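Listed here are the chains, written in short residue letters.
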Amino acid sequence: MEEPVKRLPQTGIDRDEILKRMGEYGATDADWREARTWSLVYYLGEKHTAFLKKAYSLFFSENALNPMAFKSLKRFESEVVRMTATMLNGDSRVVGTMTSCGTESCLLAVKTYRDLARAKRPWIRKPEMVVPESVHVAWEKGAEYFDVKAIHAPLTKDFQVNVNAVRKLINRNTVLIGASAPSYPHGMVDPIPELAALAREKNLPLHVDSCLGGFLLPFVEKLGYPVVPFDFRVPGVTSISADVHKYGFAAKGASVILYRDMRILRHQFFVYENWPGGIFISPALLGTRPGGAIAAAWAAMMAIGESGYLDNAKRILDITRKLIDGINTIPELYVLGNPPMSVFAYASRQKDVNIYAVADQMEKKGWHVDRLHRPEALHAIVMPAHENILGRYLDDLRESVDYVKKNPELATKGGAAMYGMISQIPLRGMVKSNVLKLMEDMYGSEARLPEFDEPEGVEARPADLTTRLAMGFLKIRNRFRK
Ligand SMILES: Cc1ncc(COP(=O)(O)O)c(C=O)c1O
């Protein structure tokens, strides 16, 4: 492996040479083009990607920080927001902004409702929000950044939030209820109508995090599949986030946050009038806002259109159905809950088949597999491109399960041992402080993924961050044991 670059090259390197080198660096990355990944990349084929790149490059240099200078970007943003609002059955009072990602949209929801409460209920000193245990981790980040305590409501056996538990957790400090449509871990839509009724009864806002489903569920419903009502048709839903860069098939850097009306959105805005640089306004979190991402989101929505999104949804659901049916024919495995769209998790029903050991075998066969902690399970977000590899995936899964069954000691080796241990360490504070140390290594002056001595019986898989973190824990644990 070449030494990492530590200073600017004395003179600039030939641009073709640089591009060649970049291609080489990327060669060992997860292979999303061949549909080997089950998250991270939402891919609709080369033709669409080439089109997105063109749309992006047209506005590559423009900056949506100043809508007066780039009226085109303001137009794209307004139209993306309006199209999304209409898709989610909002009326003309629904307003919003584009953001750079789902996380930014969720962070802004937390900030906005904190500030709404500050304006309306200024006596609240320690604001809280009630969110499902399965809510995306972006909400925990929002809690930490904006000092709004996240109170977690447990799930039912169907992996939806327990509404009675939410009711009990609401108190005088509650400023917001959050819910998912669907949740990342289990792909389930929370019971939005019941939560919305509760929110109305308690006079609280309800944000529906539909970052994952916002551009798919409306079409799933139109195709006639059962979908829990989750959008602005439900009175009591006060805001929704939906990511264009997920199932909207836009370029990365595009999400939308919508509020029922301007009385809420105004608390998202930032204005500073005393800056020597002039009066500063900012609608969302970022300062400079890349014009390309906004332009490409608009272009994607215009190019795909209602019929394209419907076709995609049909394909994606067909593939998902085949996958879930295939997994359910493997007697040792089962799919969690009854997920309504294309995000699901599956676990082992037998002690002798360790699901993380199955993941290790799948990785050996070239799949990039995502693992869940609670419960221990594997995770999948289905893309149209998975159509071509469906059979191979299921064959590999069957083979992996058989192999693990015949070799139960695999549960105590490799990634399986480490993931199993990480999910079971009871002292989560210790986990956090050690992960922070590892991050300091990663982002320190050497800026490398941390290297660990491999504890006995552990095969290193250096590309995998969690494995590296787990190796660190093993090392710490071994030190205590000595
Ligand atoms: C429900 C949900 N909310 C928020 C996010 C965060 O989105 P992003 O990764 O674009 O920040 C995700 C990401 O998968 C998600 O599934």
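Use the structure listed above.
Residues numbered from 1 in each chain as written. Predicted model: local features only at pLDDT ≥ 70, side-chain atom pairs only at ≥ 80, totals over all residues. Heavy atoms only, no water.

Visitor: For this particular structure, what's the right way to read the pattern of salt bridges?
Guide: Pairing is possible between side chains of opposite charge, provided their charged atoms come close. As enumerated under the stated definition, the model contains 25 salt bridges in all. For Glu306, the salt bridge goes to Lys222, with nearest N and O atoms at 2.8 Å. In this pair, Glu306 is assigned in helix α10 (residues 291-328) and Lys222 in helix α8 (residues 217-222), connecting sequence segments 84 residues apart. On the accessibility criterion, Lys222 (53% relative accessible area) is exposed. What you see here is one network of salt bridges that share partners, running through Lys111, Arg114, Asp115 and Arg118. (Salt bridge = Lys/Arg side-chain N within 4 Å of Asp/Glu carboxyl O. Helix = DSSP H or I, 4+ residues; strand = E, 2+ residues; numbered from the N terminus. Buried < 20%, exposed > 50% of the residue type's maximum accessible area, 1.4 Å probe, protein only.)

Visitor: Just checking my understanding: could you explain the sheet that holds strand β10 (residues 333-335) for this structure?
Guide: Backbone hydrogen bonds hold the strands of a sheet together, and the pairing may be parallel or antiparallel. A sheet is described by the order of its strands in space; here four strands give the open sequence β10-β11-β13-β12, paired in antiparallel fashion. A single partner strand is all that each edge strand has here, and the edge strands are β10 and β12 (370-372). On average, adjacent strands in this sheet sit at an angle of 35° to one another, irrespective of strand direction. Inspection of the sheet shows β10 paired to strand β11 (residues 343-348) by three bridges, in the antiparallel sense. (Pairing = 2+ DSSP bridges. Axes fitted to C-alpha atoms, helices over the stretch in contact; angles between N-to-C directions.)

Visitor: It is not clear to me how helix α1 (residues 15-26) should be interpreted in this structure. Could you clarify?
Guide: Spacing of three or four residues puts side chains on the same side of an α-helix, whose turn is 3.6 residues. Here α1 spans 17 Å end to end across 12 residues, near enough to the 16 Å set by a 1.5 Å rise per residue. The backbone nitrogen of Asp16 has a side-chain oxygen 3.3 Å away, supplied by the residue at the start of α1, namely Asp14. (Expected span 1.5 Å × (residues − 1). Polar contact = N/O pair within 3.5 Å; in protein donor to acceptor, adjacent residues only side chain to side chain.)

Visitor: So what exactly am I meant to see when it comes to the nonpolar core here?
Guide: Counting 100 residues, the largest nonpolar core has Leu206, Tyr247 and Tyr346 as the members making the most contacts within it. Element by element, the count of residues in this core is highest for α10, at 15 residues. Filtering out sequence-adjacent residues up to four positions away, Tyr346 remains in contact with Ile327, Leu333, Tyr334, Val335, Leu336, Ile355, Ala377, Leu378, Tyr393 and Leu397. Membership of the second largest hydrophobic core comes to 27 residues, among which are Leu116, Val135, Ala143 and Ala284. (Core = buried A, V, L, I, M, F, W, Y, C linked by side-chain atoms within 4.5 Å. Contact = heavy atoms within 4.5 Å.)

Visitor: Just checking my understanding: could you explain the environment of Ala411 for this structure?
Guide: Along the chain, Ala411 turns up in the loop between α12 (390-406) and α13 (414-424). Given the relative accessible area of 24%, Ala411 is considered partly exposed. Taking the C-alpha atoms as reference points, Ala411 and Gly308, 103 residues apart in sequence, are found 44 Å from one another. Apart from the residues lying within four places of it in its own chain, the contact partners of Ala411 are Asn354, Ala357, Ala416 and Ala417.

Visitor: Hey, could you run me through the site of the ligand in this one?
Guide: As a matter of local geometry, the ligand sits amid Cys101, Gly102, Thr103, His136, Pro182, Tyr184, Asp209, Cys211, Leu212, Asp243, His245 and Lys246. His245 places a polar side-chain atom, nitrogen or oxygen, 2.9 Å from an oxygen atom of the ligand. Interatomic distance of 2.8 Å between a side-chain N/O atom of Lys246 and an oxygen atom of the ligand. For the ligand, whose free accessible area comes to 390 Å², the fraction covered by protein is 86%. Classifying every residue of the shell around the ligand gives five nonpolar, four polar and three charged. (Near = heavy atom within 4 Å. Areas by Shrake-Rupley, 256 points an atom, 1.4 Å probe, with all protein chains shown as cover. Nonpolar A, V, L, I, M, F, W, Y, C, P; charged D, E, K, R; others polar.)

Visitor: Quick question: what am I supposed to make of the packing of aromatic side chains here?
Guide: Where two aromatic rings form a pair, the distance of their centres and the angle of their planes describe that pair. By the definition in use, this model includes 15 aromatic pairs. On the numbers, 6.1 Å between centres and 55° between planes, the contact of Phe215 with Tyr309 is tilted. Pair noted here: Phe215 is in the loop between β5 (206-209) and α8 and Tyr309 is in helix α10, with a separation of 94 residues, a long-range link. When sorted by exposure, Phe215 lands in the same class as Tyr309, which is buried. (Phe/Tyr/Trp six-rings, centres within 6.5 Å; stacked < 30°, edge-to-face > 60°.)

Visitor: Quick question: what am I supposed to make of the pairing of β5 here?
Guide: Walk down a regular strand and you will see the side chains alternate between the two sheet faces. Here β5 shows two buried faces, one formed by Leu206 and Val208 and the other by His207 and Asp209. Where strand β4 (residues 174-180) meets β5, four bridges bridge the pair, whose relative direction is parallel. Within the sheet, the bridge partner assigned to Ala179 lies in β5 and is Val208. As a crossover connection, the stretch from β4 through helix α7 (residues 192-202) into β5 is right-handed. Note: β5 against strand β6 (residues 239-243), three bridges, orientation parallel. (Right-handed = clockwise from strand over helix to strand, strands pointing away.)

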